Amino acid sequence: MGGAVVDEGPTGIKAPDGGWGWAVLFGCFVITGFSYAFPKAVSVFFKELIREFGIGYSDTAWISSILLAMLYGTGPLCSVCVNRFGCRPVMLVGGLFASLGMVAASFCTSIIQLYLTAGVVTGLGLALNFQPSLIMLNRYFSKRRPIANGLAAAGSPVFLCALSPLGQVLQDHYGWRGGFLILGGLLLNCCVCAALMRPLVAPKAGGGPRPQQTSRRLLDLSVFRDRGFVIYAVAASIMVLGLFVPPVFVVSYAKDLGVPDTKAAFLLTILGFIDIFARPTAGFITGLKKVRPYSVYLFSFSMFFNGFTDLTGSTASNYGGLVVFCIFFGISYGMVGALQFEVLMAIVGTHKFSSAIGLVLLMEAVAVLIGPPSGGKLLDATHVYKYVFILAGVEVLTSSLVLLLGNFCIRNRPEASKPEAATSASEEEKLHKAPVDMRVDSREVEHFLKAEPEKNGEVVHTPETSV
């Protein structure tokens, strides 16, 4: 499959690291907030839906599950669309889909219709916004990319804290149908964010024509040749098995200990509040010159920290212990959220990121559907929440070790690129020794030297991207 990337700048274009990039960052912040918080926020309408359609809680919970499955499972489809049509057009269509899905859901007369509208259509719309927004953020930021990723990731806890109370207010005043209709109108803001995703355009070189855009595959499977990407994908998939389990069960865990409902629900507020500040802070620390080359190790540590927190949280025997658990879980969860896509960007680079993120999200989609239900099955069998948290902790700790040991196994791989570097140096000498009557444009030389390591689809690793 082949096709041009419509809104991808010419090869070697320098990221602005500011300017209009801050508008792109704001759009990514909003899109990330809607994408991750919306599946959780619609849960406030579940009791009304149960009463309306005479169904069980597990039936309504499928709406959130389908939303998340669409967000993760349609990754390759989003990659193909972005590589064929560009980020902005795909996001505009996605915003319309997300809005129309919720508007149509307000007229549904059965739970199956809600699965198709609020689940499939809205989920697809959010997916068509989420992935392209991250791609554009990667194109606009390079030196400041870690802090940009951290700030964008903070949209998830911020919107969760805002959308859940808003949903409750809408339900109290307008019912679930009116609430869905208003939320559908709110999702049209995704189209506004899409309009902010202005394609990068290279300036004309010396009055000549702009460099032509390079041809890209619609779905570049060559990323699987990169051992670093394979290790990352496997580790991320194992991590997702246990990452989302504690937030799902911590409130029920507190109620099982005899904590009142109001105080139990407040645990998620604590977790979200800590998460808001943890993500930008983790992005800022990762962006430091002395830290950034070791971002892979920092990501591995954040996973280890999260898994260890789950294991210690399993020993909580009162409300105070669960509060301490939520504080430390919020810190580690925020670190993971801020670093997961930053590390992937560092591994595969700008030009393969659109395909890489789609493939990673597809692999994670399977884990998302398995993780919380497996915890529920274990709880049904044992009726002990402690074992659920232990299982989640072991899964996240395993992913940390996979990433860490995998990185150690290929740590000497950058040396393999030395012959290529020597070749590039010899080519540079030849260019500098060009005859006097031949005028060599320095920008063309720089572009040639930058493009040379990526010849034949090979990936050159630096200490930052050695995983």
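Below you will find a few notes about this structure. Predicted model only: the values in this text are computed from it and were never measured. (Residues numbered from 1 in each chain as written. Predicted model: local features only at pLDDT ≥ 70, side-chain atom pairs only at ≥ 80, totals over all residues. Heavy atoms only, no water.)

### A closer look at the overall build of the protein
Which entries qualify depends on this criterion: A helix here means a DSSP run of H or I that spans at least four residues, while a strand means a run of E at least two residues long, and both kinds are numbered starting from the N terminus. Note on classification: 1.4 Å probe, protein chains only; a residue is buried when its accessible area is under 20% of the maximum for its type, exposed when over 50%, partly exposed between these limits. Any two residues having at least one pair of non-hydrogen atoms within 4.5 Å are treated as being in contact. Areas reported as accessible are Shrake-Rupley estimates using a 1.4 Å probe. Residue values count occlusion only from the protein chains shown.
Per the secondary structure count, the protein includes 18 helices and 2 strands. With 467 residues in all, the protein has 52% of them scored as buried. Sequence-distant contacts in the protein: of pairs separated by 6 or more residues, those separated by 24 or more amount to 86%. As displayed, the protein offers around 20,800 Å² of accessible surface, 66% of which is attributable to carbon and sulfur atoms.

### Points about the environment of Val230
Here Val230 is to be found in helix α10 (residues 227–243). Given a relative accessible area of 33%, Val230 falls into the partly exposed group.

### Description of the packing of aromatic side chains
Describing an aromatic ring pair means giving the distance of the ring centres and the angle of the ring planes. Filter applied, for reference: Between rings of Phe, Tyr and Trp, where Trp is taken as its six-membered ring, a pair exists when centres lie within 6.5 Å; planes separated by under 30 degrees are stacked, by over 60 edge-to-face, and by other angles tilted.
Scanning the model with the defined rule gives 20 aromatic pairs in all. Relative to Phe130, the ring of Tyr36 has its centre 5.3 Å away and its plane inclined at 80°; by these criteria the two rings are edge-to-face. Here the residue Tyr36 occupies a position in helix α1 (residues 21–41), and Phe130 occupies one in helix α6 (residues 111–140), the gap between them amounting to 94 residues. For the pair Tyr36 and Phe130, a shared accessibility class is recorded, and that class is buried. Pairing Phe325 with Phe329 gives two aromatic rings, centres 5.5 Å apart and planes at 35°, and the pair type is tilted. Highlighted residues: Phe325 and Phe329, both in helix α14 (residues 319–348), separated by 4 residues, approximately one helical turn.

### Topic: the side chain of Ser133
Put simply, the rule is: A 3.5 Å cut-off defines polar contacts: any pair of N or O atoms within that distance qualifies, except that in protein one atom must be a possible hydrogen donor and the other a possible acceptor, and neighbouring residues in sequence count only when both atoms are side-chain atoms.
Its location among the elements puts Ser133 in helix α6. Note on Ser133: relative accessible area 0%, which makes it buried. Of the polar contacts made by the side chain of Ser133, one reaches the backbone oxygen of Phe130; its length is 2.6 Å.

### Focus on the pattern of salt bridges
Heads up, the rule is: The rule for a salt bridge is simple: a side-chain nitrogen of Lys or Arg has to be within 4 Å of a carboxyl oxygen of Asp or Glu.
In total, this model carries 5 salt bridges according to the counting rule given. Taking the shortest distance from any N to any O, the salt bridge between Asp275 and Arg279 comes out at 2.8 Å. Here Asp275 pairs with Arg279, and both are found in helix α12 (residues 261–286), just 4 residues apart, close to one helical turn. Arg279 shares its class with Asp275; the two are buried. A single salt-bridge network, built from bridges that share partners, covers Arg145, Arg292 and Glu342.

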